[in-house]
Amino acid sequence: MEEPLGEREWNEARREAELLLQYTLRVDRAWLFAHADDEVAAVLAGQFRCHVSRRAEGEPIAYITGRREFFGLDLVVTPDVLVPRAETELLVEAALERIAHDARARIADLGTGSGAIALALAHERAHARVLATDASAAALAVARANAQRLALGNVEFAQGEWCAALGAGVFDLIVSNPPYIALGDAHLEQGDLRFEPALALSSGADGLDAIRIIARDARRHLAPGGWLLFEHGWDQGAAARGILAALGYAEVATLADLEGRDRVSQARHEDARVMLEQASQ
Ligand code: SAM
Ligand code: GLN
């Protein structure tokens with residue numbers, strides 16, 4: 001017999017069922033509660049059951065509804081992109097702390113997927129110019145469509161491997177949520193991850209291959225005093241700092257998420273005399 005659901009799981013299942021019902025009926029949550037006793041047409045009930053069984057098979061709810069909210073933005077997501085995670089909002093917040101509201105900062109987001117990070121930054125910093133890159137053309141198409149839907153005109157797109165996609169570009173801030181799960185990690189065979197692109201999830205035997213390449217190459221694309229910020233696994237903080245320090249970056253540090261777990265590491269181009277705000281005037 002399966003374990004009975006705990007309170008947290010029960011609440012989560014209920015919330016997801018509500019989301020799927022909202023999606024099926026094309027209504028918002030308030031409508032759902034105001035019409036809790038209404039009958040549902042048989043065809044819609046059938047569609048709802050179909051959505052529920054897909055979810056029960058493990059498919060991420062965002063792939064079923066085609067939507068996910070990130071940093072207040074309503075994003076389209078498809079199986080070509082990672083489902084944006086709530087924990088990645090920490091990377092966006094850390095990036096925003098380094099860009100003045102009116103700065104004409106140059107920003108690059110490596111491995112943009114749905115565009116989540118790039119579009120959140122472009123939305124919050126209207127004077128910044130953001131370059132969103134990905135090796136996957138299919139992912140980039142989703143990101144581009146999201147920028148269009150959200151009418152964000154200060155984002156550009158480039159396809160290519162990590163910093164190669166930047167051409168000769170120089171940036172005040174380079175951000176990335178790269179793949180960082182170790183190949184062979186059991187989590188890849190569990191839950192939502194089974195449905196997400198392998199290219200978005202795993203990176204070498206210890207999960208750090210992408211981070212090593214990004215850290216090595218980003219220096220050539222950072223303005224003096226510019227910042228590199230990237231997300232990583234909760235147990236990769238020390239390794240990430242080691243990689244950054246060995247490359248000669250300054251101000252190497254790791255930021256923890258709300259649960260106190262290492263989540264984002266930062267580093268600054270060694271010549272920090274020119275402040276980001278000045279560099280971007
Ligand atoms: N930035 C999005 C987010 O936070 O939701 C997606 C992050 S996902 C973890 C990593 C992204 O890196 C994927 O979109 C994947 O296609 C891209 N990627 C993987 N290998 C890459 C490479 N060699 N060069 C550029 N992008 C790559
Ligand atoms: N944060 C994702 C997870 O562990 C992994 C995404 C990534 O590798 N960047 O579910």
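For the structure, check the block above.
Residues numbered from 1 in each chain as written. Chains lettered and ligands numbered in written order. Predicted model: local features only at pLDDT ≥ 70, side-chain atom pairs only at ≥ 80, totals over all residues. Heavy atoms only, no water.

1. Overview of the site of ligand 2
Logical step 1: Lining the immediate surroundings of ligand 2 are Arg85, Glu87, Asn177, Pro178, Pro179, Tyr180, Ile181, Leu193, Ala200, Leu201 and Glu231.
Logical step 2: Within the contact set of ligand 2, an oxygen atom lies 3.1 Å away from a side-chain nitrogen or oxygen of Arg85.
Logical step 3: Contact distances for ligand 2 include 2.7 Å between a nitrogen atom and a backbone N or O atom of Pro178. (Near = heavy atom within 4 Å. Polar contact = N/O pair within 3.5 Å; in protein donor to acceptor, adjacent residues only side chain to side chain.)

2. Describing the site of ligand 1
Logical step 1: Within the structure, ligand 1 sits among 18 residues, and Gly111, Asp134, Glu161, Trp162 and Ala200 are positioned closest to it.
Logical step 2: The separation between an oxygen atom of ligand 1 and a polar side-chain atom of Asp134 is 2.6 Å.
Logical step 3: Classifying every residue of the shell around ligand 1 gives nine nonpolar, seven polar and two charged. (Nonpolar A, V, L, I, M, F, W, Y, C, P; charged D, E, K, R; others polar.)

3. Focus: the pattern of salt bridges
Logical step 1: Taken as a whole and assessed by the stated rule, the structure comprises 21 salt bridges.
Logical step 2: Where Arg263 meets Glu231, a salt bridge forms, and the shortest distance between an N and an O atom there is 3.4 Å. Of the two residues, Arg263 sits in strand S9 (residues 262–268) while Glu231 sits in strand S7 (residues 222–231), which places them 32 residues apart along the sequence. The two residues Arg263 and Glu231 agree in class, both being buried.
Logical step 3: One salt bridge connects Arg261 with Asp257, and the closest N-O pair in it is separated by 3.9 Å.
Logical step 4: When salt bridges with common partners are traced through the structure, they connect Glu231, Asp257, Glu259, Arg261 and Arg263 into a single cluster. (Salt bridge = Lys/Arg side-chain N within 4 Å of Asp/Glu carboxyl O. Helix = DSSP H or I, 4+ residues; strand = E, 2+ residues; numbered from the N terminus. Buried < 20%, exposed > 50% of the residue type's maximum accessible area, 1.4 Å probe, protein only.)

4. What about the pairing of S9?
Logical step 1: Summarising burial for S9: six of the seven residues are buried, a large majority.
Logical step 2: Summarising the sheet, S7 and S9 pair through five bridges and their orientation is antiparallel. Bridge pairing links Leu229 to Gln266 in S9.
Logical step 3: Alignment of strand S8 (residues 250–256) against S9, held across five bridges, turns out to be antiparallel. Each bridged residue has a counterpart across the sheet, and for Leu255 the counterpart in S9 is Val264. (Pairing = 2+ DSSP bridges.)

5. Quick notes on unusual backbone geometry
Logical step 1: Unusually for a residue other than glycine, Arg26 sits at a positive phi of about 55°.
Logical step 2: Note on placement: Arg26 falls in the loop between helix H1 (7–25) and helix H2 (29–34).
Logical step 3: Phi is positive for Phe71, close to 50°, though the residue is something other than glycine.
Logical step 4: Here Phe71 lies in the loop between strand S1 (67–70) and strand S2 (73–76).

6. Some words on the packing of aromatic side chains
Logical step 1: Per the counting criterion, the structure on display carries one aromatic pair.
Logical step 2: The interplanar angle of 45° and the centroid separation of 6.4 Å between the aromatic rings of Phe70 and Phe71 together place this pair among those described as tilted. Both residues of the pair, Phe70 and Phe71, count as buried.
Logical step 3: A cation over an aromatic ring shows up here: Arg26 above the ring of Tyr23, its NZ or CZ 4.7 Å from the ring centre.
Logical step 4: The residue whose ring lies beneath Arg98 is Trp227, and the NZ or CZ to ring-centre distance is 4.4 Å. (Phe/Tyr/Trp six-rings, centres within 6.5 Å; stacked < 30°, edge-to-face > 60°. Lys NZ or Arg CZ within 6 Å of the ring centre and 35° of its normal.)

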